[in-house]
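Structure assessment
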Amino acid sequence: MGKGTVVMAYSGGLDTSICIPLLKERYDYDRVVTVAVNVGQRDEEIAVATEKGEKFADTHYTIDAREKFVNAYLFPAIRANGSYEGYPMGTALARPLIAEEVVRVALHEGAKTVAHGCTGKGNDQLRFDFIFRIAGLEVIAPIRELNLTRDWEIGYAKEHDIPVPVAREKPWSIDENLWSRSIEGGRLEDPAYHPPEEIYGWTVAPEKAPDTPEVITLDFLKGVPAGMNGDAMSGLDLIQGLNLIAGRHGIGRSNMIEDRILGLKAREIYEHPAATVILAAHADLEHLTLTRQELAFKRMVDDKWSELAYMGLVHEPLFHDLNAFITQSQEKVSGTVDLMLYKGCCRVLGRSSPEGVYSDDLVSFDSTTLDQCHAIGVSAYYGIQARLIEERKKR
Ligand code: ARG
């Protein structure tokens, strides 16, 4: 008799695959239950995870969490203009949801222990652990605890007849969800190395994108996208469709040095075509519909929201408070944005909203609704302290 059942977040990749025999041989569990959570990875990846989970684990679950991911994680991220060090974060948004689904299975299976295949160097270990520990579960992370390297893992996988999905010359570690695709590892770990074209899966090279621009229209309702080119669409359909359209135009590539939670700097490549377009449109619409005061304050709130989301601290009370503010702030953020997609760039062409804090009648060169003479009095006082000091210097 061993230690009973352990439930593990499973991707079908090398790390999580070798964890199945490790949890039995090194940790003495009798039953390993694997959970693959579909947050918008390629169909093929989900199929591989399902097939390998069914073959190597004692029980396997594949859970389609895409709708939940859109509504509970991506919509809040859009309202918050969620970005980390300049890119639309994606992995960070999916991890808490994956962990929550694993917790649900653990409760269902009566397991007190859960596992994940994260290394001890990245962010994901902390994001997973936080959700698991809040649920009162014990956490095992074999790769981290046994300090394993890729080479050792490949050898161990071969001994256990586990197919090794990474070739030694193309050892990219890829993480995909509806919002972004991340590529790291291998030669990319040299920050000076130019990423080869083959690592990209969602976007064409901007210079190879069509010579004809494409104009699209996005409709927003209270801060989230609700339709494209005049057709009402679910968030899921819209994001999937827009990933294809914007990806064809080479939009949404990032190649950067990122500061991880633990302080390590890492070289990261991302693809996020739909996210780039939606966030650009959303931010633009906020500029039409929110006041200057709202915009300035919300920028700070968005920054803090993004920091907590990146850290995976989605149950931090402040995160709930910020979400309440952000949701309230989006009541007026409805309208339409036209964008041009062309060779890696996405430009807003125009926007409109019934809620706009804009009056052409007031601002127009051609209107006399506002009496310009009223500004003379304002101007007399304008910058008066600075003017006084400058005058004194001249004396
Ligand atoms: N650095 C990103 C993050 O922490 C993405 C990491 C994705 N992992 C991967 N194996 N590609 O959010």
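Please refer to the structure higher up on the page.
Below or above, wherever it landed, is the structure these notes cover. (Residues numbered from 1 in each chain as written. Predicted model: local features only at pLDDT ≥ 70, side-chain atom pairs only at ≥ 80, totals over all residues. Heavy atoms only, no water.)

Attention now moves to the sheet that holds strand β6 (residues 173–176). The strand order β6-β7-β12-β11 describes an open sheet built from four strands, whose pairing is antiparallel. The open sheet is flanked by β6 and β11 (253–259), the only strands paired with a single partner. Ignoring which end each strand starts from, the neighbouring axes of this sheet average 25° apart. In terms of strand pairing, strand β7 (residues 181–184) meets strand β12 (residues 265–271) through three bridges, oriented antiparallel. (Pairing = 2+ DSSP bridges. Helix = DSSP H or I, 4+ residues; strand = E, 2+ residues; numbered from the N terminus. Axes fitted to C-alpha atoms, helices over the stretch in contact; angles between N-to-C directions.)

For the rest of this paragraph, the subject is the layout of surface pockets. Considered as a void within the structure, the second largest pocket measures approximately 300 Å³ in volume. Lining the second largest pocket are 14 residues, with G40, W202, Q240, N243 and L244 positioned closest to its centre. Top contributing element to the lining of the second largest pocket by residue count: helix α8 (residues 235–248), with four residues. Residue composition of the lining of the second largest pocket, grouped by class: three nonpolar, seven polar and four charged. (1 Å grid on protein atoms, 1.4 Å probe; cavity = no way out; pocket = protein on both sides within 12 Å on 5 of 7 lines; lining within 4 Å. Points joined across faces, edges and corners; volume = space filled by probe spheres on them. Nonpolar A, V, L, I, M, F, W, Y, C, P; charged D, E, K, R; others polar.)

The next point concerns the sheet that holds strand β4 (residues 113–115). The sheet built from five strands is open, its strands ordered β3-β2-β1-β4-β5 with parallel pairing. Bordering the open sheet on either side are β3 (59–64) and β5 (138–140), each of which pairs with just one other strand. For this sheet the average axis-to-axis angle between neighbouring strands, irrespective of direction, equals 25°. Two strands pair when backbone bridges link them, and strand β2 (residues 31–38) and β3 are joined in this way by six bridges, in the parallel orientation.

On to the packing of aromatic side chains. A complete count under the given rule lists seven aromatic pairs for this structure. Measuring from centroid to centroid gives 6.5 Å for Y84 and Y87, while their planes differ by 90°, and the two rings are edge-to-face. Accessibility classification places Y84 together with Y87 in one group, the buried group. Between Y87 and Y270 the ring centres are 4.1 Å apart and the planes differ by 10°, which places this aromatic pair in the stacked class. Separated by 183 residues along the polypeptide, Y87 in the loop between α3 (66–79) and α4 (91–109) and Y270 in strand β12 bring together distant segments of the chain. Y270 gets classed as buried once you look at its relative accessible area, which sits at 4%. Each residue in the set Y84, Y87, Y270 and Y310 is aromatic and connected to the rest through ring pairs, giving one cluster. The cationic tip of R127 hangs over the ring face of Y310; the distance from NZ or CZ to the ring centre is 4.9 Å. (Phe/Tyr/Trp six-rings, centres within 6.5 Å; stacked < 30°, edge-to-face > 60°. Buried < 20%, exposed > 50% of the residue type's maximum accessible area, 1.4 Å probe, protein only. Lys NZ or Arg CZ within 6 Å of the ring centre and 35° of its normal.)

Turning our attention to the packing of helix α1 (residues 14–25) against helix α7 (residues 150–159). For the pair α1 and α7, interaxial distance at closest approach is 10 Å and the crossing angle is 65°. In terms of orientation, α1 and α7 fall into the roughly perpendicular class. In this structure, α1 meets α7 at a crossing whose hand is left-handed. Contact residues: α1 offers L14, D15, I18, P21, L22 and E25, while α7 offers R150, W152, E153, I154, Y156 and A157. In terms of residue class, the contact of α1 with α7 is built from eight nonpolar, no polar and four charged. (Parallel < 35°, antiparallel > 145°, perpendicular 65-115°, else oblique. Left-handed = near helix turned anticlockwise from the far one by under 90°. Contact = heavy atoms within 4.5 Å.)

These figures come from the coordinates and say nothing about function on their own.
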